[in-house]
Amino acid sequence: MQEKNKFETYMEDEIDLYEIYLKLKKHFKFIVGFVVIVTFLAGIISFFLSPVYKSEIALRRSGSISFEEIKAMVNYLNNLLKDKEYEEISKELKLSLENVKKIKEIKLKVDRRNKSKNVFSLEVYTYDRTLIPQVINSVLSYIKENPYTQMVTNQRLREIDTRIKNIEGNIEKLKKLRTILYNKFENKRELYLGFNPVEIEEKIIDLQARIERLKLEKEFVRKVLVPLNDPIIPDKPYKPKRVLIIAVTFISSLFMAVFLALFMEWLSEARKYHNIS
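This section reports on the structure supplied with the text. Source: prediction; values computed, not measured.

1. Points about the packing of aromatic side chains
Aromatic rings in a pair are described by how distant their centres are and how their planes are angled relative to each other.
Argument step 1. Scanning the model with the defined rule gives five aromatic pairs in all.
Argument step 2. Among the aromatic residues, those joined into a ring-pair cluster are Phe259, Phe263 and Trp266.
Argument step 3. One Lys or Arg, Arg242, reaches over the ring of Phe47 and ends 4.7 Å from the middle of that ring.

2. A word on the pairing of strand 3 (residues 119-126)
Argument step 1. For strand 3, the buried fraction is high: seven of the eight residues fall into the buried class.
Argument step 2. As judged from the eight bridges shared by strand 1 (residues 53-61) and strand 3, these two strands associate in the antiparallel manner. Bridging across to strand 3, Arg60 finds its partner in Val119.
Argument step 3. Sheet analysis places strand 2 (residues 103-109) next to strand 3, joined by six bridges and oriented antiparallel.

3. Description of the packing of helix 3 (residues 67-82) against helix 4 (residues 86-93)
Argument step 1. Packing of helix 3 against helix 4 leaves a shortest axis separation of 8 Å and a crossing angle of 150°. Handedness of the helix 3/helix 4 crossing: left-handed. Facing Tyr76, Leu77, Leu80 and Leu81 of helix 3, the residues of helix 4 in contact are Glu88, Ile89, Glu92 and Leu93.
Argument step 2. The residue inventory of the contact of helix 3 with helix 4, partitioned by class, reads six nonpolar, no polar and two charged.

4. Remarks on the side chain of Asn99
Argument step 1. For Asn99, the position within the fold is in helix 5 (residues 97-100).
Argument step 2. By relative accessible area, which is 17% here, Asn99 ends up buried.
Argument step 3. Setting aside anything within four residues of it in sequence, one finds Asn99 in contact with Leu131 and Gln134.

5. Let's talk about the packing of helix 3 against helix 6 (residues 132-145)
Argument step 1. Put simply, helix 3 and helix 6 touch, their axes get as near as 11 Å, and they point 125° apart. Looking at the two axes, helix 3 sits oblique to helix 6. Along this stretch, helix 3 crosses helix 6, giving a crossing that reads as right-handed. On helix 6, the residues that touch Ile70, Met73, Val74, Tyr76 and Leu77 of helix 3 are Val139, Tyr142 and Ile143.
Argument step 2. The residue inventory of the contact of helix 3 with helix 6, partitioned by class, reads eight nonpolar, no polar and no charged.

6. Some details on the side chain of Glu123
Argument step 1. When you line up the elements, Glu123 lands in strand 3.
Argument step 2. Within the structure, Glu123 has its side chain in polar contact with the side chain of Lys109 (distance 3.4 Å).
Argument step 3. Excluding its chain neighbours within four sequence positions, the residues that come into contact with Glu123 are Lys54, Ser55, Glu56, Glu105, Ile106, Lys107 and Lys109.

7. Re helix 4
One turn of the α-helix equals 3.6 residues, which is why residues spaced by three or four share an orientation.
Argument step 1. Of the residues making up helix 4, those classed as buried are Ile89, Ser90 and Leu93. With its buried residues spanning 105° around the axis, helix 4 presents them on a single face. In helix 4, the exposed positions that point more than 90 degrees away from the buried face belong to Glu87 and Lys91.
Argument step 2. The secondary structure elements touched by the buried residues of helix 4 are helix 3, helix 5, strand 2 and helix 6.
Argument step 3. Looking one or two residues beyond helix 4, the residue adopting positive phi is Lys94, at roughly 60°.

8. Brief notes about the sheet that holds strand 4 (residues 225-227)
Argument step 1. Spatially, four strands are ordered 2-3-1-4 in an open sheet, and the strand pairing comes out antiparallel. At either margin of the open sheet sits one strand with a lone partner, and together these are strand 2 and strand 4. Geometrically, the sheet is characterised by an average inter-axis angle of 30° between neighbouring strands, direction not taken into account.

9. Observations regarding the nonpolar core
Argument step 1. If you look at the biggest cluster of nonpolar residues, it comprises 32 residues, and the most contacted ones within it are Leu93, Leu122, Val139, Ile143 and Leu225.
Argument step 2. Of all the secondary structure elements, the ones that give two or more residues to this core are strand 1, helix 3, helix 4, strand 2, strand 3 and helix 6.
Argument step 3. Ignoring sequence-local partners within four residues, the contact set of Val139 consists of Leu77, Leu93, Ile106 and Leu122.
Argument step 4. Counting 13 residues, the second-largest nonpolar core is a separate cluster that includes Ile171, Ile200, Leu207 and Ile211.

Rules used throughout
Residues numbered from 1 in each chain as written. Predicted model: local features only at pLDDT ≥ 70, side-chain atom pairs only at ≥ 80, totals over all residues. Heavy atoms only, no water. Phe/Tyr/Trp six-rings, centres within 6.5 Å; stacked < 30°, edge-to-face > 60°. Lys NZ or Arg CZ within 6 Å of the ring centre and 35° of its normal. Buried < 20%, exposed > 50% of the residue type's maximum accessible area, 1.4 Å probe, protein only. Helix = DSSP H or I, 4+ residues; strand = E, 2+ residues; numbered from the N terminus. Pairing = 2+ DSSP bridges. Axes fitted to C-alpha atoms, helices over the stretch in contact; angles between N-to-C directions. Left-handed = near helix turned anticlockwise from the far one by under 90°. Contact = heavy atoms within 4.5 Å. Nonpolar A, V, L, I, M, F, W, Y, C, P; charged D, E, K, R; others polar. Parallel < 35°, antiparallel > 145°, perpendicular 65-115°, else oblique. Polar contact = N/O pair within 3.5 Å; in protein donor to acceptor, adjacent residues only side chain to side chain. Arc of directions from axis to C-beta. Core = buried A, V, L, I, M, F, W, Y, C linked by side-chain atoms within 4.5 Å.

Remember that the coordinates give geometry; whether it matters functionally is a separate question.
Structure, rendered in structure tokens:
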């Protein structure tokens, strides 16, 4: 008895699936036509979409301003683009109005594993690939010449100059001490100092090396942002991804066509039932 019930349940499931198959077969032409038309239209539309070119450049910040401050400046430019404030962007980036309208998006990208955020990427999306180097240079100049950036950078440079001046003062003191000791050695052969005079010379050399490092740091701070690579001008557009658009449209339209076919069949049966009632 139980085996018979199982067989009947199995047959009911098969009948349900078979009924669905018959309903879809009935509307086969509609499903195929719907999928073909929608996919064809998506393909045509994708060819009319403006190509967008993407390029990025790796940057290292000097430490005078934080990554969050740089990101805020870039977001300001991006918000102007979204609001189509082209005249304001043209003024900030010192680009022509015509070229500004060819910029789609500007943003920063940082690796999540890089907690210090000293190295990050500047991404530029434009409708004209030849414009990419000019846009990147304009954005870097905008960040470097920003009044806040100049203020923080100058403050940092003054701090370094103060440190260099203090070290130079210590070097002069050590040189005077060295001269005094040399004079005493010339006048008296035996002289107890309690330390090795050679240590003075080593200390002077160490302080001079520290000054050179600080001078290099000054040059690094002045740059604000240091490019780690040259921007690459892409040959192919980043968007639209026509193959992906057509594939997604095909699958989506197929599901939609099946749903509509089943809905139309249900509506037809509902009308028949309503008429009989």
